[in-house]
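Listed below are the residues making up each chain.
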Amino acid sequence: MDKGTLKQRLLELKTTFQEQEEALTELDRAIGDGDHGVNMRRGFEALAEKLDDSSIENILKLTGMTLMSNIGGASGPLYGFSFVKMSQVAPTDDINHEDLVQLLTAFSEAIAQRGKVSLNEKTMYDVIERARQAVENNETVTLETLQQFADDTQEMVATKGRAAYFKEDSKGYIDPGAQSSVYILNALIGED
């Protein structure tokens with residue numbers, strides 16, 4: 001994927017999060033504080049005026065800084081920090097398979113470190129780390145694959161974040177962060 005395609009895909013997330021705002025809000029109302037949809041929409045709406053496409057590093061870094069300053073709650077720092085970390089391992093102009101593995105590793109490690117999470121704790125990490133593993137193993141990762149990773153959080157009991165207060169009652173709902181990460185990962189991984 002070249003830098004122009006990456007920029008375009010990240011900018012298109014504005015429309016995705018506008019369309020998914022209500023669904024993400026509903027998920028977050030069930031096991032969170034109900035602001036995930038509006039926060040994600042706000043973060044990606046702010047991107048258009050911030051991105052330059054001089055390099056993949058710049059695109060990722062500016063995305064991270066924009067998300068940190070425009071998304072409230074835990075998601076802003078988590079996604080923002082992750083994009084900044086990805087920018088530090090980014091190639092200049094084109095992302096090949098090895099580069100994508102490096103980027104997803106940086107994404108996954110940033111979430112694990114910042115969120116102090118591991119697999120099966122019903123968080124965005126469940127989708128991000130499984131996507132990283134799948135790409136590293138040369139598996140085809142489609143939107144449907146990513147959605148399955150998010151759907152798998154439905155039967156988990158949350159042990160981190162606001163959803164952890166719900167304990168067993170958090171079962172039966174997809175984690176909102178897991179759902180939003182589906183769209184972000186699809187922009188990073190998705191086939192042309």
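Residues numbered from 1 in each chain as written. Predicted model: local features only at pLDDT ≥ 70, side-chain atom pairs only at ≥ 80, totals over all residues. Heavy atoms only, no water.

The chain is annotated in an unreviewed UniProt entry as Dihydroxyacetone kinase subunit L from Staphylococcus canis.

A. Structural detail: the packing of helix α4 (residues 75-87) against helix α8 (residues 176-189). At a minimum axis distance of 13 Å, the contact between α4 and α8 shows a crossing angle of 25°. The orientation of α4 relative to α8 falls into the category roughly parallel. Note on packing geometry: the crossing formed by α4 with α8 is right-handed. Judged by residue contacts, Tyr 79, Phe 83 and Met 86 of α4 engage Gly 177, Ser 180, Ser 181, Ile 184 and Leu 188 from α8. Its residues placed into classes, the contact of α4 with α8 shows 5 nonpolar, 3 polar and no charged. (Axes fitted to C-alpha atoms, helices over the stretch in contact; angles between N-to-C directions. Helix = DSSP H or I, 4+ residues; strand = E, 2+ residues; numbered from the N terminus. Parallel < 35°, antiparallel > 145°, perpendicular 65-115°, else oblique. Left-handed = near helix turned anticlockwise from the far one by under 90°. Contact = heavy atoms within 4.5 Å. Nonpolar A, V, L, I, M, F, W, Y, C, P; charged D, E, K, R; others polar.)

B. Structural context of the pattern of salt bridges. Summed over all chains, the structure comprises 11 salt bridges. Between Lys 160 and Glu 121 there is a salt bridge, with its nearest N and O atoms 3.1 Å apart. Of this pair, Lys 160 sits in the loop between α7 (143-151) and α8 while Glu 121 sits in the loop between α5 (97-115) and α6 (124-136), and the two are 39 residues apart along the sequence. Glu 136 is paired through a salt bridge with Arg 132; the nearest N and O atoms lie 3.0 Å apart. Highlighted residues: Glu 136 and Arg 132, both in helix α6, separated by 4 residues, approximately one helical turn. Overall, Glu 136 belongs to the partly exposed group, its relative accessible area being 42%. On the accessibility criterion, Arg 132 (13% relative accessible area) is buried. In this structure, a network of salt bridges that share partners links the residues Glu 21, Arg 41 and Glu 45. (Salt bridge = Lys/Arg side-chain N within 4 Å of Asp/Glu carboxyl O. Buried < 20%, exposed > 50% of the residue type's maximum accessible area, 1.4 Å probe, protein only.)

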